[in-house]
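# What the coordinates show
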Amino acid sequence: MNKGGLGVKNLKLTNLALLSKWIWRYTGENEALWRRIVQEKCKGNKDVYLPVDDNSSQGRSFWKNILKTSHLVQKNCTFQVKNGKATRFWYDKWCTNGVLKDRYPAAFKACKNKNASIVEMVVNGRLVCNTRRSMNGAEQLQ
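The paragraphs below set out a description of the structure included in this document. (Residues numbered from 1 in each chain as written. Predicted model: local features only at pLDDT ≥ 70, side-chain atom pairs only at ≥ 80, totals over all residues. Heavy atoms only, no water.)

## Considerations on unusual backbone geometry
Of note, the phi angle at lysine 82 is positive, near 55°, even though the residue is not glycine. Tracing the backbone shows lysine 82 in the loop between α4 (70-76) and α5 (100-103). Taking relative accessible area as the criterion, lysine 82 reaches 68% and is therefore assigned exposed. In this structure, asparagine 124 is a non-glycine residue whose phi angle is positive, near 50°. (Helix = DSSP H or I, 4+ residues; strand = E, 2+ residues; numbered from the N terminus. Buried < 20%, exposed > 50% of the residue type's maximum accessible area, 1.4 Å probe, protein only.)

Structure below.
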């Protein structure tokens, strides 16, 4: 079905797709040299599926643009937990309720290690969350 026009692609959508592809590649190419370089520069955990932005402004403008698209990959993917080392407890969508930082914002805000993996947060079947301060009763129920 021809809708006319010059046949020019939507460059904004094409750019988002190509940037998102880098995030997708990051999840699968664990031993690639480029991924190890990104991990070193961003101080990332080599076991984690998705890269983390450390909010540093030094020399990472290209990768920061790629990170801006990680929400697209995250929104459309669900992670298999396996041993829990590669899945971030708060940021990755690993349970049916969605991303836990959005479901439990008060607990997320109080938690010290926001980039912790599941294996770091769940010990012997119990949630272990080191908090910056004691949570009041209302916060604990949220």
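## A short note on the packing of aromatic side chains
This model, assessed by the stated rule, comprises six aromatic pairs. Seen in terms of ring centroids, phenylalanine 89 and tryptophan 90 are 5.0 Å apart; in terms of plane orientation they differ by 85°. Their pairing is edge-to-face. The residues phenylalanine 89 and tryptophan 90 share a single accessibility class, namely buried. Ring geometry for tyrosine 91 versus phenylalanine 108: centroids 5.6 Å apart, planes at 85°, classification edge-to-face. Within this pair, whereas tyrosine 91 is found in the loop between α4 and α5, its partner phenylalanine 108 is found in helix α6 (residues 105-110), the two being separated by 17 residues in sequence. The aromatic ring of tyrosine 104 is capped on one face by arginine 103, whose charged end is 5.9 Å from the ring centroid. Over the aromatic face of phenylalanine 108 sits the side chain of lysine 114, whose NZ or CZ is 5.0 Å from the ring centroid. (Phe/Tyr/Trp six-rings, centres within 6.5 Å; stacked < 30°, edge-to-face > 60°. Lys NZ or Arg CZ within 6 Å of the ring centre and 35° of its normal.)

## Quick look at helix α2 (residues 33-42)
Within α2, burial applies to Arg35, Val38, Gln39 and Cys42. Considered in projection along α2, the buried side chains sweep an arc of 100° and stay on one side of the axis. Every exposed residue of α2 that faces more than 90 degrees away from the buried side is listed here: Leu33 and Glu40. The inward-facing, buried residues of α2 abut α1 (11-28) and α3 (61-67). (Arc of directions from axis to C-beta. Contact = heavy atoms within 4.5 Å.)

## Looking at the pattern of salt bridges
Following the criterion strictly, the structure yields three salt bridges and no others. A salt bridge links aspartate 92 to arginine 88, with the shortest nitrogen-to-oxygen separation between them at 2.9 Å. Arginine 88 matches aspartate 92 in its accessibility class, with the two residues each being buried. The partner of lysine 101 in a salt bridge is aspartate 102, and the shortest N-O contact between them spans 3.3 Å. Taking relative accessible area as the criterion, aspartate 102 reaches 53% and is therefore assigned exposed. (Salt bridge = Lys/Arg side-chain N within 4 Å of Asp/Glu carboxyl O.)

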